[in-house]
Every structure is written in C-alpha cells, then in structure tokens.
Amino acid sequence: MKKKKLVVGVLAHVDAGKTTLAESMLYLSGAIRKFGRVDHKDAFLDTYDMERARGITIFSKQAELMLGTMEVTLLDTPGHVDFSAEMERTLQVLDYAILVISGADGVQGHVQTLWRLLDQYHIPTFVFINKMDQEGTDAEKLIEQLQKGLDERCIAFGREQEQQLFMENLAVCDEEVLEYYVERGFISHNQIVAMVKERKVFPCYFGSALKMTGVKEFMKEIKSYMEYPNYPDQFGAKVYKIARDAQGNRLTYMKITGGSLKVKQLLTNKLLHQTLEQSEDVWEEKADQIRIYSGGQFKTVDEAEAGTICAVTGLTKTYSGQGLGIEAESDMPILEPVLTYEIQLPQGTNVHDMFIKLRQLEEEEPQLHIVWNERLNEIHAQVMGEVQIEVLKAMIQERFGVSVTFGAGRIVYKETIEEAVEGVGHFEPLRHYAEVHLILEPGELGSGIVLDSVCSEDLLDRNWQRLILTHLEEKKHVGVLTGSEITDMRITLVSGRAHLKHTEGGDFRQATYRAVRHGLMKAKSVLLEPIYEFRLEIPSDCVGRAMNDIQKMYGRFQPPVIQGEETILTGFAPVVTMRDYQTEVTVYTKGRGRLSCNLKGYEPCHNTEEVIEQIAYDAEADLDNPLGSVFCSHGAGFTVSWDEVEHYMHLGSVLQPEKEEETVEEVQTYLSRQTAVSSSWTDEKELEEIFNRTYKPDSSKRRNWNRNTPITREFNPEKTVKKQEVVEEYLLVDGYNIIFAWEELRELAKVRIESARDKLMDILCDYQGYKKITVILVFDAYKVKGNPGSVIKYHNIHVIYTKEAETADQYIEKAVHAIGRQHKVTVATSDGLEQIIIMGQGAQRISSLGLKEEIDAMKKEIRKEYLNKPVNGKNYLRDYMSEEITDLAKRKKRKEAYSDGIY
C-alpha cells in the first residue's frame, strides 16, 4: 500500500521564531532527540556554517516527521528579505503552509509580502503567533491586527472560547457554510477541513516555540484539519531547487506529483516537445540516486512515491520551476532583485573561467542573473541586498577558493513605451529569408510582457508563428534608452513571411529580434525605476523630519496613523533614494524607529535625463542587439539601418500613422507628377532598362525568394477568365503604370525594381483580403526575348507576366473584352488611351491616384478596427495554443543560457 504524504512549509519574517517552531515540532514528534536552538548554534535545520554564525536561515531545508499516522515533510524557508527568492521557489511544492508571526512585533512589512505570495500560489495557511510569553502581547489585539492587516477570515482556533461564537465566526467566512449553520445550528469537521483547504478560513494559534507552549496542541490541531491531495498515476514532478552537496554533486530537488520515480528511471523533457516546433534540445537522463534529506543527513531510496520531496543526482539539464512528465511549468517568481553589482575579482584571475564557475551559482539562485557585460568588460550579478552579498562572497570563497568583492550597487531600471508602433525585422542573407511585423503597445504598469498573434495563417504558417513567439519569450529584450530590460508591453504578431525553401528557424530569431529593436527605435520610450512600498514606525516627535525626508526622496505617503507614542507612515518612494534610509532613521530616532520596505513594482523614473546621461548607452553601438535589418541584392546580403527598413520591407505596413489632409497645392503637384509619369511610361529606353534589370539571365533565382516558381505556358486570357466566371467583380491593375505613378514605389524602383514590384503585390494582397474581389496584376514582359508569358498565384491574387510582343495594355484589353459585359470589371491605370478603350468595352476605370486613395482609406479602417478590437478577442493561439506557449515561455526564461548571437 502506498504511503500518503504531505508537504508543509514554514514561513516568517526574520527573527519571528520560525526555525525554533520547526525544531519544537521535530522534537515533540520524536523526529530528533535533542531540542536545538538557533542562539546556541545547534539547530537541526541550520546545517550551514553561515546560518549558524548569523542565526538566520539562508537555504530552504527539509525534515521528515510523523504527526500521528500522517507522514509530513517539513520545509523550513528563509525569513530574511534578501533570500525571498529561495523562499518563493519552495512555495510551488507546498500542500499547506505555517506562517509564523511574532506576537511582540505583529504584522510587519515582510509578513504582508508573504501573505500576498501565499494567496498568489493558493496555499492553505495556518498561522502560529509566537513569543506570546513576552510582556505586552495581547491575543485579542493581535487577532484584530491580523484581520485588518492580512485577512478578516483569520480566526482564533484552539482557545477556550464560547463555542457558539466560534461557530458564528467560522460561518461568516463562507456563504454555503453560513446557510448550513443557520439551518442546522452547527458546522461539521469536514466542512472546516474543506474551508481550510479552499483558503476560506485561516486558523490562528498562539504559543511560544522556545518554551514549547501551545506547540503540541498546534500540531494536533493542524493534523486534524489537513487532508491528503489526490495524485494521478502517471509520472510527474516539479523541480523547485538546484544545489550541490559537499562533494560537488549536482542535486535536483523535486516533488513527485504523480506516479512514482525509480532509480535509473529515464527522465526527459520530451513530452513537452511533442507538439512544439522550437530550437531547444530534447534531453534524456537517468536518475542515478534518489535521496531523502532530513536536516544535513539523507537516506537513499529505490523509489519515491507521489508527494515525496527528494533530491536526485545524475541530472544536468534541469532547472528551478521545471515540470517533468505530466507536470506543468511554474510561473516566474514574483519577487525580483532591483540592484545590480559588479563582481570584482583578484588581480590575475582568469575572468572567463570564473564567469563559467559563477554560472553554477546562478543555477542554484536563478535570480542572480550572472552576466558578462561586454561593453564594460565586467561580470555583473543582481542581488536583493547587503546580507545576500556577504553570503555570496563566503560561498565563492568556500566553493572556488577566490576572494571577491562587490562594487557599488546600481539600480536595475526597465523600459516601456508610450504609444503603439509597428516594428519590422527582415533577415535575408544569401539562402536565408524571414520577415516579421510586430505591433508594440504600452501595457498596464506591472503587466510585464504580454504576447499575442493576429496574423493570418494564410500569410504565415502556424508553426512559424509559434516560433516567432518562442523567440520573443526566449530572451530579455533591452530598450534603447539605457539598454535595460523592456516590460509592461503588449507585443502582437501581425504579419510575416517565410520562404518555402530557404527559411530556417534561426532566420526568424534574427528577424524577430530586429523587429523588436526597430519598433523601440520608432517609439517614444519611457524609463522605469523600482519603487518601494514602505512602512515607517517612529516616535511622534520625529514625524516632521520623516515627512520632509520622504518628500525630498520623491516619495509620497498616506496620512500619519498615531498609535500611542508612535506614529506610522506608509507610502511609496524610489528605491534609489530610500535604499540607505534605515541608517538615517536609526540615528534621528535614537534607535527607536523601524523601516520596512518591499518592492511595489516599477513606475516612470523621477530623474530620467540624469540616469540616461549617467548610463550613456548607445543603442546603435550595441552589436549584440542590432537595430537594422539584412536584405539581399545580387546574391549578397546588405545591412539597412533601422530608419530605412520600411523603404525596403517586402510586406505592407499594418499600423500606419494617420496622414494629414492633403492641400489643393499638394494634389495639383501630385497630378502633375502623374502626367510626367504617364509621358515617361512610353520611353523605350527606360522600359528596356527596366526589363534588362528585371529579366537578366539569372533572374529566376531572385524571383524564387518570395513566391512559388512561375508556371510557364502559352497564355490565353479567355481561358483564365473562364475559370473565374463565378466571381462577379474583378480588378485589373497595370503594374508598372502604378509603380511609376506612386511616389513611394517609384523611389523604391530606382533602387531595386523587384522590391517595388513585390511591395505592390503585397499591397494588393491586403486590398483583396479587404474587398473580397478577384485581383489580376499585369506586368509587361513584351521585350523579353522568347518569353511565353506566365501566370502566378501569389497568395490571394493573380500575377500575370505578358508574353513576348504583348504589352500589359493589350492583355488588359483582351481580358476586358472577354468578361467586361458579363461581370463588373475595374481597371486601374493612368494611361489615358487605355482608359478610353476599356470604357468602350463596358469596364470601369480607376486612376492610379484613385486606387491609392482607396487603399489608404482601407488601411485607416483596418487600423481603427485593430485598435478597437477587444483584448480577449479570439485567435488560434489563445484558443488552442495558450497552454503550450505559456509553458514554453516559463521554460525559456529559466534556461541556463540564452542564444543571443547571430544565427
């Protein structure tokens, strides 16, 4: 028979007595024979010298104990705010949590942070109010404080109180239970168990862990109110921690969440890859050894059943937050460092070797973000605070024998944008091809990066779209103001193109990265700085000084709250101005003031210009994050700067700026230009030059990159038209007439006629999709010797290249003659003679300028519809792929290294 197990975590603000409570529970359950004490440096769970020396928990530890017949794994987590990430990683494997609060201090700032995390991870929670043996502690006042500061459903359990009052307090926590209580006059034990499990009530107990007062009763109570989770038979596991033992063996700490794990069992991430096209390697590795730790000791087992917390050796590719088997990926940690430091090495140290070694520490503490700053030639790490720095220095000395120092800390800034822009990335060296169009929009503060796709699968295959979203997720894209990570932004894939033969996965990586950078360069960027949410408790006679200081720090605060001789100020202030304020508080309050700070999030920076000048980041000099795109000409790739990309891109823009109304003078100028175009159209020398450039002997290679190989045959317009008789409306377009009539296409043709032709084709594809008519685009090829004519199905339009000795005018005249009387036919051209002929055949005509005006109006309408579309609108990614993309995003963010180089 399989054993049933529970995992219970112990959390607290530093010095609340968390480890002491865990020690008491282990001792009273018989798991340890001696009751250790933190102040005596002999606590069972303080297994590291640094923990014993400092009297704080630095690394989460586990211990096994029995509560009656219930087998429990107790996880002791760090309480100091500098090690919050270690604590948060443990939350993902807990069945229940015990939150320890000091009765002498009440609800402190970090306690509220822990409470929010417990709610975020949906963990049923018991509260143990410790140190009730100290003078001045009042249980009634503490319960009131918990209900106001944490949750009104914090109810005192296990105390001598009127049973009816206790039941009434429970009943009001849930409507169904209240209805049951009103009808029957009592609440069943099973109902209370369910309420605890569903976080509808939070049982609170009082005692003293050091004196073991109330601890035994607490253990008996929580045993009666906890229930075992149900696990599936299929194997699953959640990785929550990576560590190394004294011999340097890599340990993967995990909770078995389904089935069981056996020694030498093959573990893989293959299941997660079965439906995803991506560049990440699939791995398979064996579980060499399964260890069950309790304190500093462990025992090995042959099999770990569901509910077991174990450490596995032999795995080299795992990472914190990873799901194995049927288990899903975890969300990213909510708490994050806001300070970055240079790690200064002793003279003569091999910097690159040391960097590789430090990356081992990043495996164990992913939020360190150990990075090599190429521009500064330095190793940088992100940390939570000074205590963590001291611990890191000791770990580096102990593990690698190197004595390092940390430079002055710098704030971790972030960037976002003010308004929506379209970013375009194109990557087309020889035999490579990809183009990506993204819409970058500002998001709500704290929303992070949100990805979406509204790109048609007719335009870009679903697998390519998935890959683009993968590349958006796989790295932290940096802004253009300071080179800081971007955030609070919605990035939507709206268009893209691949080549049937030459496109590879790495092409879209490059195009995607460049599209983001191009959009950021076009946008108005906003620098964001981290903000503290603070709670300042000071003597009332110091309030004036404190309020003045906060205003100088560009902070803001709520009206002061007076509690006896103390006054409490709460509010928000930039981290950069408040980070060292505790020292000042200690001085001017003569040691009676207390300041607690928690990261609230990011807000617009209060001194943007000063920070930009100080960091001196040059976006155009950042070779790791190129701004421009790569295009191809005459068989060779060439780089186009970001501000010229839109002149070369192959797909039409989706999000174009609103144009001002044209003046009469501008229209007249445009019309005169049209006349000049019409007259130059018959210039034989110019036509010959165009066709020689277009159809030189190796032109077929060039034409392959953006469309299917043309079907060459003797062309009969009547036969082509007959196949389309079911369609009522046609638009025939004189291609080169339009190109030389539209200024943007004419300028592009001067550089490269193929690019102008392709852009017109893409514009007409968009127009056809909007108008739902049959579009036939005709290009002259009458001067190409031996040309038999060809017809190409380009996406949703037909492209005609006329045969030798046949002009576009002649083809259009034949087509109009064949169908002009039976169907609605419109011809787009500015050739006056051609207009007269086609009108005589029953067709309508639209000038080149008229067609351009219609297309511009169409784009405005599309833009309007896009900006007004509901956020929760349907698309295939949200409907079918959201879970895969989300899991992939989480996995990518925790990867050991990112592939940031040129593909």
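Keep in mind that what you see is a predicted model, and the values were worked out from it rather than measured. (Residues numbered from 1 in each chain as written. Predicted model: local features only at pLDDT ≥ 70, side-chain atom pairs only at ≥ 80, totals over all residues. Heavy atoms only, no water.)

Turning our attention to the overall build of the protein chain. Across its full length, the protein chain carries 29 helices and 42 strands. Sorting the 903 residues of the protein chain into buried and exposed places 55% on the buried side. Only carbon and sulfur atoms are counted for the fraction: they give 48% of the accessible area of the protein chain, which is about 41,500 Å². (Helix = DSSP H or I, 4+ residues; strand = E, 2+ residues; numbered from the N terminus. Buried < 20%, exposed > 50% of the residue type's maximum accessible area, 1.4 Å probe, protein only. Areas by Shrake-Rupley, 256 points an atom, 1.4 Å probe, with all protein chains shown as cover.)

Time to look at unusual backbone geometry. The phi angle at Asp15 is positive, at roughly 70°, despite the residue not being glycine. You can see Asp15 is positioned in the loop between β1 (5-12) and α1 (18-29). Even without a glycine there, the phi angle at Lys131 is positive, about 60°. With respect to the helices, strands and loops of the structure, Lys131 is situated in the loop between β5 (125-130) and α5 (139-149).

Bringing the nonpolar core into the picture now. In terms of nonpolar packing, the biggest core is built from 52 residues, with Leu536 and Tyr581 touching the most fellow members. When near neighbours in sequence (up to four residues on either side) are disregarded, Tyr581 contacts Leu536, Ala546, Asp549, Met553, Tyr588 and Leu595. The next biggest cluster of nonpolar side chains, apart from the first, holds 45 residues, and it includes Leu65, Phe157, Phe218 and Met219. (Core = buried A, V, L, I, M, F, W, Y, C linked by side-chain atoms within 4.5 Å. Contact = heavy atoms within 4.5 Å.)

Attention shifts here to a negative patch on the surface. Together, Glu175, Glu176, Glu179 and Glu183 give the surface a local cluster of negative charge. Position of Glu179 among the secondary structure elements: in helix α7 (residues 175-184). (Patch = residues over 30% accessible without salt bridge, like charges linked within 9 Å, V, L, I, M, F, W, Y side chains within 5 Å. Salt bridge = Lys/Arg side-chain N within 4 Å of Asp/Glu carboxyl O. Lys, Arg positive; Asp, Glu negative; His and termini not counted. Charge placed at Lys NZ, Arg CZ, Asp CG, Glu CD.)

Looking now at helix α3 (residues 84-91). Counting buried residues along α3, 8 of its 8 residues qualify, which places the element largely inside the surrounding structure. If you check which residues of α3 are buried, you get Ser84, Ala85, Glu86, Met87, Glu88, Arg89, Thr90 and Leu91. Summarising the contacts, the buried residues of α3 are in contact with β1, β3 (70-76), α4 (109-120), β8 (236-244) and α10 (351-364).

Next up on the list: the environment of Ile326. One can find Ile326 in the loop between β17 (323-325) and β18 (339-344). As a C-alpha pair, Ile326 and Asn269 span 57 residues in sequence and 10.0 Å in three-dimensional space. Setting aside chain neighbours within four positions, we find Ile326 in contact with Pro232, Gln234, Phe235 and Gly236.

Now for the pattern of salt bridges. The full count for this structure, using the stated rule, is 36 salt bridges. The shortest N-O distance in the salt bridge between Asp119 and Arg199 comes to 3.5 Å. Within this pair, whereas Asp119 is found in helix α4, its partner Arg199 is found in the loop between α8 (189-197) and β7 (202-206), the two being separated by 80 residues in sequence. Taking the shortest distance from any N to any O, the salt bridge between Glu378 and Arg410 comes out at 4.0 Å. With Glu378 in strand β20 (residues 378-383) and Arg410 in strand β22 (residues 410-411), the pair connects residues that are 32 residues apart, well separated along the chain. Given a relative accessible area of 38%, Arg410 falls into the partly exposed group. A single network of salt bridges, built from pairs that share partners, joins Arg244, Arg250, Glu363, Glu364 and Arg399.

A few words now on the sheet that holds β5. Pairing within the open sheet is mixed, and its 7 strands lie in the order β2-β3-β1-β4-β5-β7-β6. One side of each edge strand has no neighbouring strand; the edge strands of this open sheet are β2 (61-67) and β6 (154-156). Here the average twist between neighbouring strands, direction ignored, is 30°. When β5 meets β7, the two strands line up parallel, connected through 3 bridges. Paired with Val127 across the strands is Cys204, a residue of β7. Where α1 meets the sheet, its contacts fall on β1, β2, β3, β4 (96-102) and β5, and the angle it forms with β2 comes to roughly 40°. (Pairing = 2+ DSSP bridges. Axes fitted to C-alpha atoms, helices over the stretch in contact; angles between N-to-C directions.)

What follows covers the sheet that holds strand β16 (residues 309-313). Ordered by their spatial adjacency, 6 strands build an open sheet running β14-β13-β16-β9-β8-β17, and the pairing between neighbours is antiparallel. In this open sheet, the two edge strands, each paired with only one partner strand, are β14 (297-301) and β17. Taking each pair of neighbouring strands and ignoring which way they run, the sheet shows an average axis angle of 40°. Judged from the 3 bridges that link them, β8 and β17 form a sheet pairing that is antiparallel. The partner of Gly236 across the bridge, within β17, is Gly325. Sheet contacts for α10: β8 and β9 (250-258); angle to β8, the most-contacted strand, approximately 140°.

Turning next to the packing of aromatic side chains. Taken as a whole and assessed by the stated rule, the structure comprises 20 aromatic pairs. Aromatic pair Phe128 and Phe218: ring centres 5.1 Å apart, planes at 55°, arrangement tilted. On the criterion of sequence distance, the pair formed by Phe128 in strand β5 and Phe218 in helix α9 (residues 215-225) is long-range, its members being 90 residues apart. Considering the side-chain rings of Tyr293 and Phe298, the 5.1 Å spacing of their centres and the 45° angle between planes classify their relative orientation as tilted. (Phe/Tyr/Trp six-rings, centres within 6.5 Å; stacked < 30°, edge-to-face > 60°.)

The next point concerns the confidence of the model for the protein chain. Averaged over all residues, the pLDDT of the protein chain is 81; the fraction at 70 or higher stands at 81%. Confidence drops under a pLDDT of 50 for residues 272-280, and excluding neighbours within four residues, the segment shows 29 contacts in the predicted structure. Within the model, the stretch residues 658-727 combines pLDDT values under 50 with 118 contacts to residues more than four positions away or in other chains. (pLDDT = per-residue confidence, 0-100.)

Next up on the list: the side chain of Ser653. Mapped onto the elements of the fold, Ser653 is located in the loop between α18 (645-648) and α19 (664-680). For Ser653, the side chain forms a polar contact with the side chain of Glu422, separated by 2.6 Å. Ignoring sequence-local partners within four residues, the contact set of Ser653 consists of Glu422 and Lys859. (Polar contact = N/O pair within 3.5 Å; in protein donor to acceptor, adjacent residues only side chain to side chain.)

On to the side chain of Asp76, then. With respect to the element layout, Asp76 can be found in strand β3. The class for Asp76 is buried, based on a relative accessible area of 1%. Only 2.9 Å separates the side chain of Asp76 from the side chain of Lys18, close enough to count as a polar contact.

Here the focus is the environment of Asn190. Following the sequence through the fold, Asn190 ends up in helix α8. Along the backbone, Asn190 and Glu227 are 37 residues apart, and their C-alpha atoms lie at a distance of 9.9 Å.

If you check the start of α7, you find a side-chain oxygen 3.3 Å away from the backbone N of Glu176, and it comes from Asp174. Residue Gly185 follows α7 closely and has a positive phi angle near 85°.

If a strand is regular, its side chains alternate between the two faces of the sheet. Strand direction decides the pairing type here: strand β13 (residues 289-294) and β16, joined by 3 bridges, are antiparallel. Within β16, the position partnered with Ile290 by the bridge is Val312. Pairing geometry for β13 and β14, over 5 bridges, is antiparallel. Pairing of Ile290 across the sheet is with Val301, part of β14.

With that settled, the discussion passes to the packing of helix α6 (residues 163-171) against α7. Two numbers describe how α6 lies on α7: the axes approach to 8 Å, and their chain directions differ by 145°. Contacts from Gln164, Met167, Glu168 and Ala171 of α6 reach α7 at Val177, Leu178 and Tyr181. Taken together, the residues that form the contact of α6 with α7 break down as 5 nonpolar, 1 polar and 1 charged. (Nonpolar A, V, L, I, M, F, W, Y, C, P; charged D, E, K, R; others polar.)

Turning our eyes to something else, we now look at the pairing of strand β28 (residues 489-498). Within β28, 9 of the 10 residues are buried, which leaves it mostly tucked inside the rest of the structure. Note that strand β25 (residues 434-442) and β28 share 9 bridges and pair antiparallel. Residue pairing for β28: Leu438 is matched across the bridge by Leu493. When strand β26 (residues 449-453) meets β28, the two strands line up parallel, connected through 5 bridges. Each residue of the ladder has a partner; that of Ile449, found in β28, is Met489.

On the surface, Val172, Leu178 and Val182 cluster together to form a nonpolar patch covering roughly 290 Å² of accessible area. Following the sequence through the fold, Leu178 ends up in helix α7. By relative accessible area, Leu178 is classed as partly exposed at 34%.

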